Amino acid sequence: MISPRVRFAPSPTGYLHVGGARTALFNWLFARRHGGVFVLRIEDTDTERSSDEMVGGILDGLRWLGLDWDEGPGKGGAYGPYFQSQRIDRHRAMAAQLVANGSAYYCYCTPEEIKARRDAGEKASGGWIYDRTCAHLTADEIAARERDKRPRAVRFRVPAGVVRFDDLVHGPIEIDGATIEDFVILRSDGNPTYQLSVVSDDVEMKITHVVRGDDHISNTPKQILLYRAAGAGVPQFAHVPLILGPDKKRLSKRHGATSVMEYARQGFLPEAMMNFLALLGWSPGTNQELFTRDELAAAFTLDGISGGNAVFNPEKLDWFNQQYIMRLSPDDLATRIKPSLEAAGLWSDAYLGDRRAWFVAILELLQPRATRLDDFASQGRLFFADAIDYDPAAVEKHLRADGMAAHLAALDQAFAALPAFDAASTEAALRSLADARGVKAASLIHAVRVAVTGKTASPGLFEVLALLGRERVHARLGKWGG
């Protein structure tokens, strides 16, 4: 294979969403697999809806995922500029070229005229495509309209015949040119349409493969005709199936977060999200699920993309995130959770200094139970804060039981007498006291857990007691014992 040049061309009318992120990832993986070039081009011609904030959001999302681009904003390149709004003169030049070689023509029909003819045609036969009124104007008729300075659009003259292409995902696709009307490529205000601008940019940027969503399949025949009319090579196309929600409808906000950076804020790891997105509609041909970036790039092929729509499974994403959290080293994990601990008012620089060993022990205790990075703040609060919240139902069930206050007071005294306050010593003391007082050890364990954590569920109780330390355990047991 020749070294491919692929592009991701988002419109900055919104942040980087999950579907766009997966499209970018597939392009990036394809380029990395074959030693190619990954181009980032911002299609910002919708000036009313585009904004610098959205551009920044897209760039942030790509950077968070680790999708570094070889050419584009902030990188430059030989085929810039990489903002479509800065390339309009080039788009107009292609339109002029197509008019000059007879592949396109001026259309002087007003929107009102078009609407009237369309309405009449649809009423009469149920369908209508542009009737080529302006394609049949004589030279004198065109000259007269030009003298009158009539507004004019430029329409592409769709040739007769079938447009065929071999989609690298779906296989051969054919569209009869008779079903495609002579479409506008340059509006009467001088602005190019999507079809013209994307082809013009792809030609000048020497794009060899276009990997994009299935929703663009209907655009492909028109664009192929434009490539051919301009005398340019036609890139290969790979149309990626859509991502659906669990209800099998197109993924949208009703299914939860759709912006990639929302997932970052929710405590997902970028490497987990990358791995998850790669397997949404692509298979390596094996049962392997966990991949590093390099492993994904080495394994990725376009023919591994499924022709069917992929279903976004939030539980599977949680699973991937948990797997990657488990693989983080203590130092890496500490760095990643620091922002959420700071936001919760639970951070201390001593955790990476004098109290590092204690802090790392807590992280290792919580790590198997954490699904997201934020879980370390919520589950670790009992260690990092003096005051904790108590579940009223748990208090009523386990701490208000008959005689439990006296049992807890006795246990507090037993703990105070221990030479060493560690997991083994506290467990032995609790079980010995339970036997001596004729209370079930399980009942006492449940009560102690609620007393020191505020909840009925926690990591192993005796590991928790050891990490809390004698003083904190004494303070919390003393609140309920008496």
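Details of the structure are given in the entry above.
This is a predicted model, so every value here is computed, not measured.

Student: For this particular structure, what's the right way to read helix α6 (residues 194–204)?
Tutor: Residues that lie three or four places apart on an α-helix share one face, since the helix turns once every 3.6 residues. When you tally the buried positions in α6, you get eight out of eleven residues, the bulk of the element. Listed in full, the buried residues belonging to α6 are Gln195, Leu196, Ser197, Val198, Val199, Ser200, Asp201 and Asp202. Next to the buried residues of α6 lie β1 (5–8), α3 (88–100), β7 (184–186), β8 (209–213) and α7 (220–229). Residue Lys206 follows α6 closely and has a positive phi angle near 55 degrees.

Student: I would appreciate a short explanation of the packing of aromatic side chains in the present structure.
Tutor: Centre distance and the angle of the planes are the two values used to describe a pair of aromatic rings. Applying the stated criterion across every chain yields a total of 21 aromatic pairs. On the numbers, 5.3 Å between centres and 35 degrees between planes, the contact of Phe26 with Phe300 is tilted. Note that Phe26 is positioned in helix α1 (residues 18–33) and Phe300 in the loop between α10 (293–299) and β11 (310–311), a separation of 274 residues in sequence. Taken as a pair, Phe26 and Phe300 share a single burial class, namely buried. Pairing Tyr351 with Phe359 gives two aromatic rings, centres 4.8 Å apart and planes at 10 degrees, and the pair type is stacked. No difference in accessibility class separates Tyr351 from Phe359, as the two residues are buried.

Student: Would you take a moment to explain the pattern of salt bridges for this structure?
Tutor: A side chain of one charge can pair with a side chain of the opposite charge when the charged atoms of the two come close. By the definition in use, this model includes 28 salt bridges. Arg132 serves as the salt-bridge partner of Asp182, at 2.6 Å between the closest nitrogen and oxygen. With Asp182 in the loop between β6 (171–176) and β7 and Arg132 in the loop between α4 (111–125) and α5 (139–147), this pair connects stretches of sequence that are 50 residues apart. Classification of Asp182 as buried rests on a relative accessible area of 2%. Residue classification places Arg132 among the partly exposed positions, given a relative accessible area of 28%. A salt bridge links Arg164 to Glu174; the nearest nitrogen and oxygen atoms lie 2.8 Å apart. Here Arg164 is found in strand β5 (residues 162–167), whereas its partner Glu174 is found in strand β6, with ten residues between them in sequence. Ionic contacts of the salt-bridge type, sharing partners, join the residues Arg7, Arg41, Glu43, Arg87, Arg90, Asp201, Asp202 and Glu204 into one network.

Student: Would you mind going over the sheet that holds strand β4 (residues 153–156) with me for this structure?
Tutor: As a general point, the strands of a sheet are linked pairwise by backbone hydrogen bonds and lie either parallel or antiparallel. An order of β3-β4-β7 is seen for the three strands of this open sheet, with the pairing classed as antiparallel. A single partner strand is all that each edge strand has here, and the edge strands are β3 (104–107) and β7. Recorded for the sheet is a direction-independent mean angle of 45 degrees between the axes of neighbouring strands.

Student: Please clarify how unusual backbone geometry should be interpreted in this entry.
Tutor: Most of the time, phi is negative for any residue but glycine, and the peptide bond is trans. Here the amide bond leading from Gly80 into Pro81 is cis, since omega sits at 0 degrees, within 30 degrees of zero. Mapping Pro81 onto the fold places it in the loop between α2 (52–65) and α3. Here Lys206, not a glycine, exhibits a phi torsion of approximately 55 degrees, which is positive. On the basis of relative accessibility, which here comes to 48%, the residue Lys206 falls in the partly exposed class. Positive phi values are uncommon outside glycine, yet Lys248 reaches one of about 70 degrees.

Calculation rules
Residues numbered from 1 in each chain as written. Predicted model: local features only at pLDDT ≥ 70, side-chain atom pairs only at ≥ 80, totals over all residues. Heavy atoms only, no water. Buried < 20%, exposed > 50% of the residue type's maximum accessible area, 1.4 Å probe, protein only. Helix = DSSP H or I, 4+ residues; strand = E, 2+ residues; numbered from the N terminus. Contact = heavy atoms within 4.5 Å. Phe/Tyr/Trp six-rings, centres within 6.5 Å; stacked < 30°, edge-to-face > 60°. Salt bridge = Lys/Arg side-chain N within 4 Å of Asp/Glu carboxyl O. Pairing = 2+ DSSP bridges. Axes fitted to C-alpha atoms, helices over the stretch in contact; angles between N-to-C directions.

Remember that the coordinates give geometry; whether it matters functionally is a separate question.
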